[in-house]
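# Structural description and commentary
Each chain, letter by letter, is given below.
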Amino acid sequence: MAARKKYDFTDVYKNFITADKADGINEGEEQGEEKGEVLIQRSYYLTPELVKAITLKTADSSLNKSAVVREALKVYLADILEKMEKEGQK
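Residues numbered from 1 in each chain as written. Predicted model: local features only at pLDDT ≥ 70, side-chain atom pairs only at ≥ 80, totals over all residues. Heavy atoms only, no water.

### Regarding the overall build of the chain
Across its full length, the chain carries 4 helices and 0 strands. Along its sequence from the N terminus, the chain presents helices and strands in the succession α-α-α-α. Sorting the 90 residues of the chain into buried and exposed places 9% on the buried side. With the model as given, the accessible surface of the chain reaches about 8900 Å², and the carbon-plus-sulfur share is 56%. (Helix = DSSP H or I, 4+ residues; strand = E, 2+ residues; numbered from the N terminus. Buried < 20%, exposed > 50% of the residue type's maximum accessible area, 1.4 Å probe, protein only. Areas by Shrake-Rupley, 256 points an atom, 1.4 Å probe, with all protein chains shown as cover.)

### What to know about a nonpolar patch on the surface
A surface patch of nonpolar side chains, about 250 Å² in accessible area, is lined by Leu 46, Leu 50 and Val 51. What makes Val 51 partly exposed here is its relative accessible area of 40%. (Patch = residues over 30% accessible without salt bridge, like charges linked within 9 Å, V, L, I, M, F, W, Y side chains within 5 Å. Salt bridge = Lys/Arg side-chain N within 4 Å of Asp/Glu carboxyl O.)

### Considerations on the confidence of the model for the chain
Taken over all residues, the pLDDT of the chain has a mean of 78, while the share at 70 or more is 59%. In the model, residues 19-23 has pLDDT below 50 throughout and makes 2 contacts with residues more than four positions away in sequence or in other chains. (pLDDT = per-residue confidence, 0-100. Contact = heavy atoms within 4.5 Å.)

### Describing helix α3 (residues 65-76)
Compared with the 16 Å implied by 1.5 Å per residue over 12 residues, the 17 Å span of α3 between its first and last C-alpha is a close match. When we look at burial in α3, the residues that qualify are Ala 67, Val 68 and Arg 70. Seen end-on, α3 carries its buried residues on one side only, within an arc spanning 165°. Residues of α3 that are buried sit in contact with α2 (48-60). (Expected span 1.5 Å × (residues − 1). Arc of directions from axis to C-beta.)

### Focus: the environment of Ile 54
Inspection of the secondary structure puts Ile 54 in helix α2. Among the residues examined, Ile 54 registers a relative accessible area of 14% and is labelled buried. Note: C-alpha distance between Ile 54 and Ser 66 (12 residues apart in sequence) is 9.0 Å. Those residues in contact with Ile 54 that sit more than four places away from it in its chain are Leu 46, Lys 65, Val 68 and Val 69.

### Details of the pattern of salt bridges
Should their charged atoms come close, side chains of opposite charge can pair. Taken as a whole and judged by the stated rule, the model has 2 salt bridges. One salt bridge in this structure joins Lys 74 and Glu 71, with 3.9 Å as the shortest N-O distance. With Lys 74 and Glu 71 both in helix α3 and 3 residues apart, the pair spans about one turn of that helix. A relative accessible area of 31% places Lys 74 in the partly exposed class. A salt bridge links Lys 86 to Glu 82, with the shortest nitrogen-to-oxygen separation between them at 3.4 Å. Of the two residues, Lys 86 and Glu 82 both sit in helix α4 (residues 78-89), 4 residues apart, roughly one turn of that helix.

Here is the structure:
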């Protein structure tokens, strides 16, 4: 039986870090939907099912994973965002 290749954590890490660079996005910067939109980096815990759903959504659209999550949050928080916008205009 042939020897199995040892799992290389370094390669996995490099692929993880450089995944967005293949999409033309440099590490630490991302363009918002509108020019001049400020994006703040955060991290949250997600279930494996949500991660899979986000990945599948990216395959069906031209959005990256961050954009998919932002769009989902905008839909979910639409009522609160609307209230915030109204209060900001007063």
